[in-house]
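This is what each chain is made of:
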Amino acid sequence: MKAGTLYLDGVSVVFDGFRALNSLSLVIEPGELRAIIGPNGAGKTTMMDIITGKTRPTAGTVQFGDHDLTRMDEAAIAELGIGRKFQKPTVFDALTVFENLELALKAPRDPWSCLRWVLPPAARRRIEATLAEIGLADRAGARAAILSHGQRQWLEIGMLLMQEPQLLLVDEPVAGMTDQETEHTAALLRRIAGQRSVVVVEHDLEFVRALGEKVTVLCEGAVLSEGSIDRVQNDPRVIEVYLGR
Ligand code: ADP
């Protein structure tokens, strides 16, 4: 197995007799930016839950490089460098943008370090680089409470980046964003992929188009179609699912 590659092989999840994932197989290469789309109930959230260990597969395997994630618990999977951003941002309102990143850098490794509040120069440089990466360098001293919805989402992405993930899973990042914020988010995700893989679940097809990378369409817990946004949007099976039978 190739280091940093995610393999889902024949993954099924059955809830009370209902098949949320139906022998789903998927490969995400290192550095890839992949969009996952599909109608409600297609199994997108369940797929993210399987990768992060929140839900266990009923059948099939999940591998990340040589690591078998199939029975690993959530904390051990996070330790391997798999991070997840949920739809609702969870930033600390009372702290500044800079302090939120500082906390994200220190706290996961050593919670007590927060009491010894001395920031080494190398850590400061990393935070500053992340601020530039997420486009919030000019907001470093602002309290998170006054940020716009989009800025809060970017800050949370920055907080996840402080943990140096190899694979970042992002749930519907542009829900509720303005067009301009959506564009900024697409550019941000394109920028951060490459150094790590990014998997984005999203409903907004214009955003998925702006990401400009490979798209996987899920339906009834399995892959219905895969390829460029133009290819999947013109796939008769996808049209049927989206426009109704
Ligand atoms: P999506 O994110 O694509 O909308 P989900 O993964 O949330 O789809 O759900 C897939 C199907 O599995 C849905 O029909 C949903 O009702 C069902 N499901 C998800 N989680 C559970 C659960 N914990 N118990 C029972 N059914 C569930």
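Further up the page is the structure itself.
Just so you know, these numbers come straight off a predicted model, no measurement behind them.

Student: I'm lost on the overall build of the protein in this one. Help?
Tutor: Check the secondary structure of the protein and you find nine helices and ten strands. Scaling as 2.2 N^0.38, a compact globule of 245 residues should have a C-alpha radius of gyration of about 18 Å, and the protein matches this with 18 Å. Residue pairs at least 24 apart in sequence account for 66% of intrachain contacts in the protein once pairs closer than 6 positions are excluded. Of the accessible surface of the protein, which amounts to about 11700 Å², a share of 52% is contributed by carbon and sulfur atoms. Side-chain charges in the protein split into 27 positive and 33 negative, and the spacing between the mean points of these groups amounts to 3 Å.

Student: For this particular structure, what's the right way to read the layout of surface pockets?
Tutor: One water molecule sets the probe size; rolling that probe over the atoms shows where empty space is left. Considering only enclosed or pocket space, the second largest pocket measures out at about 200 Å³ in volume. Lining the second largest pocket are eleven residues, with Thr 90, Phe 92, Ala 104, Met 159 and Gln 163 sitting closest to its centre. Elements with a minimum of two residues in the lining of the second largest pocket: α3 (97-106) and α5 (149-161). Sorting elements by how many residues they give to the lining of the second largest pocket places α5 first, with three residues. In terms of residue class, the lining of the second largest pocket is built from seven nonpolar, two polar and two charged.

Student: I tried to follow the nonpolar core on my own but got confused; where do I start?
Tutor: Side chains of a nonpolar character, in soluble globular proteins, are inclined to be buried together. Counting residues in hydrophobic clusters, the biggest one holds 47 residues, and the most contacted among them are Ile 127, Leu 131, Leu 155, Leu 189, Ile 192, Val 198 and Leu 211. Tallying contributions element by element places α5 first for this core, with six residues. Residues contacting Leu 211, with those up to four places away along its chain left out, are Leu 33, Ala 35, Ala 186, Leu 189, Arg 190 and Val 200. Counting 25 residues, the second largest nonpolar core, distinct from the first, contains Leu 26, Met 47, Met 48 and Val 62.

Student: I keep staring at the pairing of strand β2 (residues 18-28) and nothing clicks. Help me out?
Tutor: The side chains of a regular strand alternate, first on one face of the sheet and then on the other. Inspection of the sheet shows strand β1 (residues 6-15) paired to β2 by seven bridges, in the antiparallel sense. Within β2, the position partnered with Phe 15 by the bridge is Phe 18. Taken together, β1 and the strand that follows it, β2, pair antiparallel across an intervening segment of two residues, in which Asp 16 is found at a positive phi of about 45 degrees.

Student: Sorry, what's going on with the pattern of salt bridges here?
Tutor: It is possible for side chains bearing opposite charge to pair when their charged atoms get close. Scanning the entire structure with this criterion turns up 13 salt bridges. With a shortest N-O distance of 2.7 Å, Glu 29 and Lys 2 are connected by a salt bridge. Highlighted residues: Glu 29 in the loop between β2 and β3 (33-37) and Lys 2 in the segment before β1, separated in sequence by 27 residues. Exposure remark for Glu 29: the relative accessible area of 32% places this residue in the partly exposed category. Here Lys 2 falls in the partly exposed class, since its relative accessible area comes to 46%. Taken together, the shared-partner salt bridges in this structure form one network comprising Glu 32, Arg 34, Lys 214 and Glu 226.

Student: Explanation requested: the site of the ligand in the structure shown.
Tutor: Neighbouring the ligand are the residues Phe 15, Phe 18, Ala 20, Pro 39, Asn 40, Gly 41, Ala 42, Gly 43, Lys 44, Thr 45 and Thr 46. One of the backbone N or O atoms of Gly 41 is found 2.8 Å from an oxygen atom in the ligand. For the ligand, the protein covers 60% of the area, taking 560 Å² as the surface of the free molecule. Of all the elements in the fold, those that place two or more residues in the shell around the ligand are β2 and α1 (44-52). Ranked by residue count, the leading element in the shell around the ligand is α1, at three residues. Grouping the constituent residues of the shell around the ligand by class yields five nonpolar, five polar and one charged.

Student: Just to check I follow, could you spell out the sheet that holds β1 for this structure?
Tutor: Hydrogen bonds between backbone atoms are what pair the strands of a sheet, whose relative direction is either parallel or antiparallel. As summarised here, the arrangement of the four strands in space is β2-β1-β4-β5, forming an open sheet in which the pairing is antiparallel. Of all strands in the sheet, those bounded by a partner on one side alone are β2 and β5 (67-68). Together, β1, β2 and β4 (59-64) form the strand contacts of α1, whose direction differs from that of β1 by roughly 115 degrees.

Student: Hey, could you run me through the packing of α3 against α5 in this one?
Tutor: How two helices pack is summed up by the angle between their axes together with the distance between the axes. Interaxial distance between α3 and α5 falls to 8 Å at its minimum, and their mutual angle equals 30 degrees. When the axes of α3 and α5 are compared, the pair comes out roughly parallel. The interaxial crossing formed by α3 with α5 has right-handed handedness. Of the residues in α5, those in contact with Val 97, Asn 100, Leu 101 and Ala 104 of α3 are Leu 155, Gly 158 and Met 159. By residue class, the composition of the contact of α3 with α5 is five nonpolar, two polar and no charged.

Student: Help me out: how do you make sense of the environment of Val 62 in this one?
Tutor: Assignment of secondary structure puts Val 62 in strand β4. In this structure Val 62 comes out as buried when scored by relative accessible area, which is 1%. Among all residues touching Val 62, those that are not within four sequence positions of it are Leu 6, Tyr 7, Leu 8, Val 11, Ile 50, His 67, Asp 68, Leu 69 and Thr 70.

The rules behind the values
Residues numbered from 1 in each chain as written. Predicted model: local features only at pLDDT ≥ 70, side-chain atom pairs only at ≥ 80, totals over all residues. Heavy atoms only, no water. Helix = DSSP H or I, 4+ residues; strand = E, 2+ residues; numbered from the N terminus. Rg over C-alpha atoms; globule rule 2.2 N^0.38 Å. Contact = heavy atoms within 4.5 Å. Areas by Shrake-Rupley, 256 points an atom, 1.4 Å probe, with all protein chains shown as cover. Lys, Arg positive; Asp, Glu negative; His and termini not counted. Charge placed at Lys NZ, Arg CZ, Asp CG, Glu CD. 1 Å grid on protein atoms, 1.4 Å probe; cavity = no way out; pocket = protein on both sides within 12 Å on 5 of 7 lines; lining within 4 Å. Points joined across faces, edges and corners; volume = space filled by probe spheres on them. Nonpolar A, V, L, I, M, F, W, Y, C, P; charged D, E, K, R; others polar. Core = buried A, V, L, I, M, F, W, Y, C linked by side-chain atoms within 4.5 Å. Buried < 20%, exposed > 50% of the residue type's maximum accessible area, 1.4 Å probe, protein only. Pairing = 2+ DSSP bridges. Salt bridge = Lys/Arg side-chain N within 4 Å of Asp/Glu carboxyl O. Near = heavy atom within 4 Å. Polar contact = N/O pair within 3.5 Å; in protein donor to acceptor, adjacent residues only side chain to side chain. Axes fitted to C-alpha atoms, helices over the stretch in contact; angles between N-to-C directions. Parallel < 35°, antiparallel > 145°, perpendicular 65-115°, else oblique. Left-handed = near helix turned anticlockwise from the far one by under 90°.

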